[in-house]
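Structural overview for review
Chain residues, written in single-letter form:
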Amino acid sequence: MNDTLKLQSEALIPTPHATFRMLAYAEKVEEQMPHIAMVHPELDLTQPVTMRIHSECITGDLFGSKRCDCGEQLEQALKVIATQKGVLLYLRQEGRGIGIINKLKAYQLQDTGLDTIEANLHLGLKIDGRQYDIAIEILEQLGIKSIRLLTNNPEKIDAFADSKIKITERLPLIIKPQKENSGYLKTKKEQMGHLLNF
């Protein structure tokens, strides 16, 4: 676990859903891409905290790409977390940990017929290179003991198995497939074990 990660700065950020405390976590204050925690100001640490671990997806989160469901998941998660006064962790793990440059290369391969797994392997990359110990470290620093986890990804659930933080409930985050991402979501469900009900 990364015990040098620490809170570097914070500010109140009004959003369409709620005003959140935005906290920036990094090893050094000059880090250009810190991990972010969006924390509801009325967070109640005596109850299981509704939260999501969201890995950065510049194409989906920022530009609304339809190749994935990331942007829609982020939006839906923020709505739920605003209502339930929880936390969203935004981890800088673009493209399941491969970075935006390799992600665009993988997209080119997908346009030739490979699926998301095949494309990563063709590039000599991991299918999913994300790490969630960062999320656990931030949650511990926030004083969170138990969570209601917004996820479809069993690997996120497994990441908490040996941690001090208890998952009391998994909350599904289901986005209706679109023409452009139906194959991607099918691969996530059938080959990566994501808990999707379509």
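1. So, the nonpolar core
If you look at the biggest cluster of nonpolar residues, it comprises 23 residues, and the most contacted ones within it are Met51, Ile53, Val87, Leu89, Ile138, Leu142 and Phe160. Those elements that place two or more of their residues in this core are strand S2 (19-26), strand S3 (35-39), strand S4 (49-55), strand S5 (87-91), helix H6 (133-141) and strand S6 (146-150). The dominant element in this core, judged by the number of residues it contributes, is H6, at five residues. In contact with leucine 142, other than residues within four places in its own chain, are Leu23, Tyr25, Val39, Leu45 and Val87.

2. Notes on the side chain of threonine 116
Within the secondary structure, threonine 116 is located in helix H5 (residues 116-122). According to the relative accessible area criterion, threonine 116 is buried, its value standing at 6%. Of the polar contacts made by the side chain of threonine 116, one reaches the side chain of arginine 96; its length is 3.0 Å.

3. Quick notes on the packing of aromatic side chains
If you walk through the whole model with that rule in mind, you get zero aromatic pairs. Above the ring of tyrosine 107, the side-chain terminus of arginine 67 is found at 4.1 Å from the ring centroid.

4. A word on helix H4 (residues 99-110)
Spanning 12 residues, H4 covers 16 Å between terminal C-alpha atoms, matching the ideal 16 Å at 1.5 Å per step. Taken as a whole, H4 has its buried residues at Lys103, Ala106, Tyr107, Leu109 and Gln110. Looking down the long axis of H4, one finds its buried residues gathered within 155 degrees of arc, a one-sided arrangement. In H4, the exposed residues that point more than 90 degrees away from the buried face are Ile101 and Gln108. In this structure, the buried side of H4 is in contact with helix H1 (58-62), helix H3 (94-97) and H5.

5. Description of the pattern of salt bridges
If the charged atoms of two oppositely charged side chains come close together, the side chains can form a pair. Enumeration over the complete set of coordinates arrives at seven salt bridges. Between glutamate 10 and arginine 21 there is a salt bridge, with the nearest N and O atoms lying 3.0 Å from each other. Highlighted residues: glutamate 10 in strand S1 (residues 6-14) and arginine 21 in strand S2, separated in sequence by 11 residues. We classify glutamate 10 as partly exposed; its relative accessible area is 42%. According to the relative accessible area criterion, arginine 21 is partly exposed, its value standing at 27%. Among the salt bridges present, the one from glutamate 169 reaches arginine 148, with a minimum N-O distance of 3.0 Å. A residue pair is termed long-range when its members are at least 10 positions apart, and glutamate 169 in strand S7 (residues 166-171) and arginine 148 in strand S6 qualify at 21 residues.

6. Topic: the sheet that holds S7
Strand order across the open sheet formed by seven strands is S1-S2-S3-S5-S4-S6-S7, with mixed pairing between neighbours. At either end of the open sheet lies a strand with only one pairing partner, and these are S1 and S7. Strand-to-strand twist in this sheet, taken as the mean axis angle between neighbours without regard to direction, amounts to 25 degrees. Bridging between S4 and S6 involves three bridges; their strand directions are parallel. Among the inter-strand pairings, threonine 50 is bridged to a residue of S6, identified as arginine 148. Those strands touched by helix H2 (residues 70-84) are S2, S4, S5 and S6, and its axis lies near 160 degrees from that of S4. Lying on the sheet, H6 is in contact with S1, S2, S3, S4 and S5; it crosses S5 at an angle near 140 degrees.

7. Details of the pairing of S6
Burial analysis of S6 places five of its five residues in the buried class, which makes it a mostly covered element. By the alternation rule, side chains of S6 split into Ser146, Arg148 and Leu150 and Ile147 and Leu149, which are all buried. With five bridges joining them, S6 and S7 adopt parallel strand pairing. When the bridges of S7 are listed, serine 146 appears paired with lysine 166.

What counts and how
Residues numbered from 1 in each chain as written. Predicted model: local features only at pLDDT ≥ 70, side-chain atom pairs only at ≥ 80, totals over all residues. Heavy atoms only, no water. Core = buried A, V, L, I, M, F, W, Y, C linked by side-chain atoms within 4.5 Å. Buried < 20%, exposed > 50% of the residue type's maximum accessible area, 1.4 Å probe, protein only. Helix = DSSP H or I, 4+ residues; strand = E, 2+ residues; numbered from the N terminus. Contact = heavy atoms within 4.5 Å. Polar contact = N/O pair within 3.5 Å; in protein donor to acceptor, adjacent residues only side chain to side chain. Phe/Tyr/Trp six-rings, centres within 6.5 Å; stacked < 30°, edge-to-face > 60°. Lys NZ or Arg CZ within 6 Å of the ring centre and 35° of its normal. Expected span 1.5 Å × (residues − 1). Arc of directions from axis to C-beta. Salt bridge = Lys/Arg side-chain N within 4 Å of Asp/Glu carboxyl O. Pairing = 2+ DSSP bridges. Axes fitted to C-alpha atoms, helices over the stretch in contact; angles between N-to-C directions.

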